[in-house]
Amino acid sequence: MKKNYFLLFLFTISFTAIQAQEDAPVSVAKHQFKINPLLSPGFVYEYGFSAKNTLYSEASLLIGYRSNSFYNESSWYFVPRITEQFRRYYNLEKRAQKGKRTAHNSGNYLALYADYDFESISTNKWFNEYVSAFSAGPVWGLQRTYKGKFNIDLNIGAGILIDKCNTEFAPIANFSLGWVIGK
């Protein structure tokens, strides 16, 4: 008789533990590092400070090419950039219920976006200089991390662009390809 109560007790505890794991809220990764070697090379650190909110920090290098047929000259330019985003992931539970990946912050988000582009570290007197600029605004985005930790991140929105000559309304759009580093 005592053995049956003991087995019932074990069954109840294990069922409760399993149910608690299934009902546990899905949350973002506490610390996530990424490297983006393609398109605009850089490093990313995303810090999860609550179940759905992260602070995304990126240091990258914009690479471009300009050609001027009048002077018969061309030039590459390299612009260092710092990007910060306060992200709110809103569909992690829905993705988990459908059996989709939520690991490494795979989900959709809304964010407050800000970036600062420094002056170009390569200049050419025949071209307009690439001047430093600040942009900020709200964005909608999605981030997906696949097997092998391959990561894509896209965000679009609208904001304000400020440089030494102008302040104007501007679209915000970013797309990155990279890999999550670590666990």
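Residues numbered from 1 in each chain as written. Predicted model: local features only at pLDDT ≥ 70, side-chain atom pairs only at ≥ 80, totals over all residues. Heavy atoms only, no water.

A. Representation of a nonpolar patch on the surface within the structure. Together, Leu38, Leu39, Tyr90, Leu110, Trp140, Leu154, Ile156, Phe175 and Trp179 make up an exposed nonpolar region whose accessible area comes to about 820 Å². For the nonpolar patch, the elements supplying multiple residues, two or more each, are β7 (150–163) and β8 (167–181). Within the secondary structure layout, tyrosine 90 lies in the loop between β4 (73–89) and α2 (92–97). Owing to a relative accessible area of 41%, tyrosine 90 belongs among the partly exposed residues under this scheme. (Patch = residues over 30% accessible without salt bridge, like charges linked within 9 Å, V, L, I, M, F, W, Y side chains within 5 Å. Areas by Shrake-Rupley, 256 points an atom, 1.4 Å probe, with all protein chains shown as cover. Salt bridge = Lys/Arg side-chain N within 4 Å of Asp/Glu carboxyl O. Helix = DSSP H or I, 4+ residues; strand = E, 2+ residues; numbered from the N terminus. Buried < 20%, exposed > 50% of the residue type's maximum accessible area, 1.4 Å probe, protein only.)

B. Up close: the packing of aromatic side chains. Evaluation of the coordinates by the stated rule reveals six aromatic pairs. Ring plane angle 35 degrees and centroid distance 4.8 Å describe the contact between phenylalanine 33 and tyrosine 45, whose orientation is recorded as tilted. Of this pair, phenylalanine 33 sits in strand β1 (residues 31–36) while tyrosine 45 sits in strand β2 (residues 42–48); the two residues are twelve residues apart in sequence, bridging distant segments of the chain. The interplanar angle of 85 degrees and the centroid separation of 4.8 Å between the aromatic rings of tyrosine 116 and phenylalanine 118 together place this pair among those described as edge-to-face. The exposure class assigned to tyrosine 116 is partly exposed, which follows from its relative accessible area of 33%. For phenylalanine 118, a relative accessible area of 33% gives the class partly exposed. Each member of the aromatic cluster is reached from another via a ring pair, and the members are Tyr47, Phe49 and Phe86. One residue, arginine 87, lies across the ring of tyrosine 56, its end atom 4.0 Å from the ring centre. Against the face of tyrosine 109 rests arginine 87, its NZ or CZ located 3.9 Å from the ring centre. (Phe/Tyr/Trp six-rings, centres within 6.5 Å; stacked < 30°, edge-to-face > 60°. Lys NZ or Arg CZ within 6 Å of the ring centre and 35° of its normal.)

C. Region of interest: the confidence of the model for the protein. Of all residues in the protein, 81% have pLDDT values of 70 or greater, and the mean over the chain is 84. Counted against residues more than four places away or in other chains, residues 1–24, with its pLDDT under 50, gives zero contacts. (pLDDT = per-residue confidence, 0-100. Contact = heavy atoms within 4.5 Å.)

D. Examining the sheet that holds strand β6 (residues 133–145) more closely. Read once around its circumference, the closed barrel built from eight strands follows the order β1-β2-β3-β4-β5-β6-β7-β8, with strand pairing classed as antiparallel. Neighbour-to-neighbour, the strand axes of this sheet turn through a mean angle of 30 degrees, independent of strand direction. Pairing between β2 and strand β3 (residues 53–68): seven bridges, direction antiparallel. Directly across from phenylalanine 43, in β3, lies its bridge partner alanine 59. (Pairing = 2+ DSSP bridges. Axes fitted to C-alpha atoms, helices over the stretch in contact; angles between N-to-C directions.)

E. Summary view of the nonpolar core. Counting residues in hydrophobic clusters, the biggest one holds nine residues: Val26, Val28, Tyr89, Leu92, Tyr109, Ala111, Tyr113, Val139 and Ile172. By residue number, the principal contributor to this core is strand β5 (residues 107–117), which donates three residues. Not counting chain neighbours up to four residues away, the residues in contact with alanine 111 comprise Gln85, Phe86, Arg87, Gly137, Pro138 and Val139. (Core = buried A, V, L, I, M, F, W, Y, C linked by side-chain atoms within 4.5 Å.)

F. A look at the environment of leucine 177. In this structure, leucine 177 sits in strand β8. Residues leucine 177 and leucine 39, spaced 138 residues apart in sequence, show a C-alpha to C-alpha distance of 7.3 Å. Not counting chain neighbours up to four residues away, the residues in contact with leucine 177 comprise Asn36, Pro37, Leu38, Leu39, Phe150, Asn151 and Ile152.

G. Representation of the layout of surface pockets in the model. Estimates place the volume of the largest pocket at around 240 Å³. Residue lining of the largest pocket: 19 residues in total, with Arg81, Asp115, Asp117, Ser135 and Leu161 positioned closest to the centre. When contributions to the lining of the largest pocket are tallied by element, the ones reaching two or more residues are β5, β6, β7 and β8. A per-element tally of the lining of the largest pocket places β8 first, with five residues. (1 Å grid on protein atoms, 1.4 Å probe; cavity = no way out; pocket = protein on both sides within 12 Å on 5 of 7 lines; lining within 4 Å. Points joined across faces, edges and corners; volume = space filled by probe spheres on them.)

H. Local environment of the pattern of salt bridges. Here the structure, examined in full by the defined rule, presents six salt bridges. The partner of arginine 87 in a salt bridge is glutamate 46, with the nearest N and O atoms 3.8 Å apart. With arginine 87 in strand β4 and glutamate 46 in strand β2, this pair connects stretches of sequence that are 41 residues apart. Judged by relative accessible area, arginine 87 falls into the buried class, the value being 0%. Residues arginine 81 and aspartate 115 are paired through a salt bridge, measuring 3.5 Å at the closest nitrogen-oxygen approach. Of this pair, arginine 81 sits in strand β4 while aspartate 115 is found in strand β5, placing the two residues 34 residues apart along the sequence. Across this residue pair, the class does not change: arginine 81 and aspartate 115 are buried.

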